[in-house]
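The chain contents come next:
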Amino acid sequence: MIQVCFVCLGNICRSPTAHGVMEHLVRERGVGDLIAVGSAGTGGWHVGARPDRRAQETALRRGFALPGVAEHFMAADFARYDHVLAMDRSNLESLRSLARTREERAKVQLFRAYDPEATPDDDEVPDPYYGGPEGFELVFDMCERTCAALLAELLRGRHSRS
Ligand code: 4NP
């Protein structure tokens, strides 16, 4: 089983969107026995809260549901996950400082490292929290194409090892 965790700041906008999209794709591909998905925030202010209403509405309009309630990513969580994917560089740095071993650090990457449309100047998922609805649409688009590429990569890696 490959365990993947998406991490943003609050775990109410970006990472729950990636979480919901990835679970949907995993279910659609029938690979739920191979890949498990989680999400968390590097900040703990929203722990226990459902995803932001705007993120939920954006997802629902496109036929996706956002799962769960916000969690705070802790150092102990590195043991639960194989891939810990940060939505932006600030979260990437927070996760790297939380990692206690080289093995844990190696699990941390930028989420959009898997986005086929990312460039060196555009490789983060921008925080939509203080902006308008178009920010949530942009986040969803990024999550949809990046999760599709990530899933293909994980399945490819798994097949080549077996
Ligand atoms: P997220 O968005 O990191 O994508 O969940 C945010 C949610 C809440 C806050 C910042 C970003 N906040 O400052 O409360």
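The subject of this paragraph is the overall build of the protein chain. Assigned secondary structure in the protein chain consists of five helices and four strands. Listed N to C, the secondary structure of the protein chain is β-α-β-α-β-α-α-β-α in terms of helices and strands. Taking 2.2 N^0.38 as the reference for a compact globule, 162 residues should give roughly 15 Å; the C-alpha atoms of the protein chain span a radius of gyration of 15 Å, in line with that estimate. Oriented by its inertia axes, the alpha-carbon framework of the protein chain measures out at about 45 × 35 × 35 Å. The burial tally for the protein chain puts 46% of its 162 residues in the buried class. A total accessible area of about 8,100 Å² is found for the protein chain, and carbon and sulfur atoms account for 51% of it.

Time to look at the packing of aromatic side chains. Applying the stated criterion across every chain, the model contains four aromatic pairs. Ring plane angle 85 degrees and centroid distance 5.4 Å describe the contact between F6 and F111, whose orientation is recorded as edge-to-face. Here the residue F6 occupies a position in strand β1 (residues 2-8), and F111 occupies one in the loop between β4 (108-110) and α5 (133-161), the gap between them amounting to 105 residues. Accessibility expressed as a relative area gives 0% for F6, which makes it buried. With centroids separated by 5.1 Å and ring planes inclined at 70 degrees, the aromatic side chains of F64 and F140 adopt a geometry described as edge-to-face. Residue F64 is located in the loop between α2 (53-61) and β3 (83-86), and its partner F140 is located in helix α5; the two are separated by 76 residues in the primary sequence.

The probe, sized like a water molecule, is rolled over the atoms to show the empty space still left. Put simply, the largest pocket is a space of about 170 Å³. Looking at the largest pocket, the residues that line it are C8, L9, G10, N11, I12, C13, R14, W45, H46, D127, Y129 and Y130.

The rules behind these values
Residues numbered from 1 in each chain as written. Predicted model: local features only at pLDDT ≥ 70, side-chain atom pairs only at ≥ 80, totals over all residues. Heavy atoms only, no water. Helix = DSSP H or I, 4+ residues; strand = E, 2+ residues; numbered from the N terminus. Rg over C-alpha atoms; globule rule 2.2 N^0.38 Å. Buried < 20%, exposed > 50% of the residue type's maximum accessible area, 1.4 Å probe, protein only. Areas by Shrake-Rupley, 256 points an atom, 1.4 Å probe, with all protein chains shown as cover. Phe/Tyr/Trp six-rings, centres within 6.5 Å; stacked < 30°, edge-to-face > 60°. 1 Å grid on protein atoms, 1.4 Å probe; cavity = no way out; pocket = protein on both sides within 12 Å on 5 of 7 lines; lining within 4 Å. Points joined across faces, edges and corners; volume = space filled by probe spheres on them.

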